[in-house]
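Overview (structure and organization)
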Amino acid sequence: MANSDMADKDVLIDIFTRADLIMQSDIKFRQMIGAGQLQIVYYPVRGQEVVSSAMMAAVNKEDYLVTIYRGLHDQLAKGIPSKDLWAEFAGKMAGTCKGKGGPMHITHPETGVMVTTGIVGSGIPIANGLGLASQLDKDGKVTVCCFGDGATNIGAFHEGLNMAQIWKLPVIFLCQNNLYSEHTPMAFATSSDSIKQRGEGLGMRSVQVNGNDASAMYAAAKEAVEYARAGHGPTLIEAMTFRFHGHLLGDTSHYIPKEEMEQAKKDDPMPILRQQLLDLQISEADIAAIEAKNAAIIEEASQFALDTPYPPGDEYRIDVLDVEIAA
Amino acid sequence: MSEKPKEIMFAQACNMAMAKAMEDDPKVILMGEDIADEQGGGVFKVTLGLSEKFGTDRVRSTPISEQAIVGAAVGSAMVGYKPVAEIMLMNFITVAMDQIVNHAAKLRFMSGGQTTVPLTIRTTTGAGTGLGGQHSDMLEAWLAHVPGLKVVAASNPADAYGLLYSSIMDPNPVIFIENTPGYFVKGPAPAPDHTVPLGKASVPREGTDITLIGYGSSISRCHAAAEKLAEGGISCEIVDLRTIAPFDEETVLKSVAKTKAAVVVHEAVRNFGVGAEISSRIHEELFSELKAPVGRVGSGYAPVPFSPAIEKAWLFSQDDIEREVHKILG
Ligand SMILES: Cc1ncc(C[n+]2csc(CCOP(=O)(O)OP(=O)(O)O)c2C)c(N)n1
């Protein structure tokens, strides 16, 4: 890539800082689950770090995010403090949702993370509601809605994008296309050749981008954000990426051809981004300092997740309705 | 609707409640298929005149997209709006069940109370319209079974006005069920500031021998049956639940503790219905005091039939209520 196309040095450092935190968290989660220290369902995000880091670098803390079960990368990139997030993943009282949401249902309004859903594609209509509120309030916020390629086969995608487009809502639909939904390859289940085509079919501004290329992804994200803030409406970004591990931890990815996986790992976005920083004359020591800081954050967060207590059992009686329910 | 009539229709009461809520709170917005005036003010004209008064930013006609409608209501509710989503007919909530059950009902809980979903879903249904199997179902038991939702059904215009206003202002997601044939039923007009709290039943008729418990469309038939039974010397008390979930256990139990007999009456099919829950709760609390097991009257365990002859046979009737009362009181 020509240097002129490169995102600003500071932006790349910012993206790398987020992405490295995600990568290290993912590694640590897999280690701890493997070692039996945590017993949770976990959807690995290794390989998709750059997509969400570049996207979230292009929005503000006040902007909204709606994401899915495979959401660790989105949530960390958006800024949820690691300790709170780790504690929630572990089901602890100090977690973002008092342990009542868990890994698939993370909410943290302070950083704009409004909904994480375990129902494929269903965040799309809700993101529209957040966008509608911003449009009516004229508060200038945008909503980013993340989902996978598989989600574009559910009705809510088509209903949601259609509504967003006719109402010109300030929503960015970020399809993180990792080419697989559970064990099913995209070509097997998806009638169109690209997700971008689907957005175009619904009359929406749609772009396809190499989501693993930090500069390209950031440029696409920034353009979509500006378009939305200017009141022009939504954008569908199809960000091409890959996941290096199974759909959930324990799945061996036997359904992914070996050569495809090998090639994807050769194209691992993390070493590429790191090298880009070095190419920009950012010193090895500076990069190592970022990595060490992230490692310390994760060390503290993961220990906190283990040490901090579970909620009391009758916590289930609170937050069902606005009043405590009877025992 | 400028001059206040002494008697109003149910549909008018709903319209007035929404107008009042929109006047009182700029965060109240409406969305649904064909609801703005340009599209006719709703298929049953319940929202007629509101877009003219409040503008199409706040009274929004939508595409035929039930998931997208409820989803947009959920999202806007989470950040300060009080959306009222109209699902044209109750059978179409099946298409939006994911948004209702997995999202509206649970986001408060799953977020540990950080986000709330103060939305109202208005919908209408009811047999007697000749619309057949896919436009007349009473599905309230499904919704009442989901923790985190409130389910409301009014039996007269004044209650409809008060309950719909309360539903819109309630901090929880509320399903407000209107009865299609009942839209044209008239009743005393409420005062503009009339409200009815959610979760509180009413006792529109007092009696001593047996309690008839119902809601929505069943109440008028309970009254008719009670009149008839009174001629034979049986004194019926009527409890109108008004809020189906969470139901007013206190009022129900107080009444049945007095009469020592009860029948639960609803238009929905009898099997696995709301009546089963209420009957069971009465048995749990008052078993030893009851003259006989609690009775249930509901419609047949079949889809709503089209032909008027079969629809009539399928639908619960005043006769069914009287028969059940005689059976219980021996
Ligand atoms: C409505 C619905 N159907 C099925 C599932 C089960 N499921 C969970 S993840 C998944 C695959 C989704 O793939 P994709 O949207 O591409 O996202 P990715 O996991 O690849 O990020 C499926 C089928 C679900 N959670 N929700």
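Residues numbered from 1 in each chain as written. Chains lettered and ligands numbered in written order. Predicted model: local features only at pLDDT ≥ 70, side-chain atom pairs only at ≥ 80, totals over all residues. Heavy atoms only, no water.

Further remarks concern the pattern of salt bridges. Applying the stated criterion across every chain, the model contains 34 salt bridges over all chains. Where Asp26 of chain A meets Arg30 of chain A, a salt bridge forms, and the shortest distance between an N and an O atom there is 2.7 Å. Remark: Arg30 of chain A and Asp26 of chain A occur in helix α1 (residues 9-34); sequence separation between them is four residues, near one turn of the helix. The exposure classification of Asp26 of chain A matches that of Arg30 of chain A, with both residues buried. In this structure, Glu86 of chain B engages Arg122 of chain B in a salt bridge whose closest nitrogen and oxygen atoms are separated by 2.8 Å. With Glu86 of chain B in strand β4 (residues 82-87) and Arg122 of chain B in strand β5 (residues 120-125), this residue pair connects regions lying 36 residues apart in the sequence. (Salt bridge = Lys/Arg side-chain N within 4 Å of Asp/Glu carboxyl O. Helix = DSSP H or I, 4+ residues; strand = E, 2+ residues; numbered from the N terminus. Buried < 20%, exposed > 50% of the residue type's maximum accessible area, 1.4 Å probe, protein only.)

All names here are of chain A. Reading across the sheet, the six strands line up as β2-β1-β3-β4-β8-β7 and stay open at both edges, with parallel pairing between neighbours. The open sheet is flanked by β2 (113-117) and β7 (205-210), the only strands paired with a single partner. Geometrically, the sheet is characterised by an average inter-axis angle of 15 degrees between neighbouring strands, direction not taken into account. Of the pairings in the sheet, the one linking β7 to strand β8 (residues 235-240) comprises six bridges and is parallel in character. Paired with Ser206 across the bridge in β8 is Leu236. Most of the contacts of helix α2 (residues 49-57) go to strand β4 (residues 171-177), to which it runs at about 165 degrees, and overall it touches β1 (64-68), β3 (143-148), β4 and β8. Running over the sheet, helix α6 (residues 155-167) touches β3, β4, β7 and β8 and is turned about 145 degrees from β4. (Pairing = 2+ DSSP bridges. Axes fitted to C-alpha atoms, helices over the stretch in contact; angles between N-to-C directions. Contact = heavy atoms within 4.5 Å.)

Okay, the pairing of strand β14 (residues 295-299) of chain B next. Residue and element names in this part refer to chain B. With respect to burial, β14 is a largely interior element, four of its five residues being buried. The pairing of strand β13 (residues 262-269) with β14 spans four bridges and is classified as parallel. Counterpart to Val269 in the pairing with β14 is Ser299.

Next up on the list: the interface of chain A and chain B. Listed by partner, the interface residues are 38 residues for chain A and 42 residues for chain B. For the chain A and chain B pair, buried surface summed over both sides reaches about 3200 Å², with 66% attributable to carbon and sulfur atoms. The interface formed by chain A and chain B includes one salt bridge. Notably, a salt bridge pairs Lys27 of chain B with Asp137 of chain A, separated by 2.8 Å at the nearest N-O pair. Between chain A and chain B we count 15 residue pairs in polar contact (both at pLDDT 80 or more) in total. Contributing elements (two or more residues each) for the side of chain A that touches chain B: β2, α5 (123-137) and α6 of chain A. With nine residues, the single largest contributor to the side of chain A that touches chain B is α5 of chain A. (Buried area = accessible area lost by both parts, 1.4 Å probe. Polar contact = N/O pair within 3.5 Å; in protein donor to acceptor, adjacent residues only side chain to side chain.)

Attention now moves to the pairing of β8 of chain A. Of all six residues in β8 of chain A, five are buried; the element is thus mostly enclosed. Tracing the backbone out of β7 of chain A, into helix α9 (residues 214-229) of chain A and back to the parallel element β8 of chain A gives a crossover that is right-handed. (Right-handed = clockwise from strand over helix to strand, strands pointing away.)

Residue and element names in this part refer to chain A. The full set close to the ligand counts 14 residues, and Tyr69, Arg70, Gly118, Gly150 and Tyr180 are the nearest of them. Ala151 is positioned such that a nitrogen or oxygen atom in its backbone is 3.0 Å from an oxygen atom of the ligand. Taken by itself the ligand offers 580 Å² of open surface, and the protein chains cover 74% of this. In the shell around the ligand, the residues fall into five nonpolar, six polar and three charged. (Near = heavy atom within 4 Å. Areas by Shrake-Rupley, 256 points an atom, 1.4 Å probe, with all protein chains shown as cover. Nonpolar A, V, L, I, M, F, W, Y, C, P; charged D, E, K, R; others polar.)

All names here are of chain A. Interhelical geometry of α1 versus helix α4 (residues 82-89) gives an angle of 30 degrees and a closest axis separation of 13 Å. The angle between α1 and α4 falls in the class roughly parallel. Read as a crossing pair, α1 and α4 show a hand that is right-handed. On α4, the residues touching Leu21, Ser25, Lys28, Phe29 and Met32 of α1 are Ser82, Trp86 and Phe89. For the contact of α1 with α4, the residue count by class is five nonpolar, two polar and one charged. (Parallel < 35°, antiparallel > 145°, perpendicular 65-115°, else oblique. Left-handed = near helix turned anticlockwise from the far one by under 90°.)

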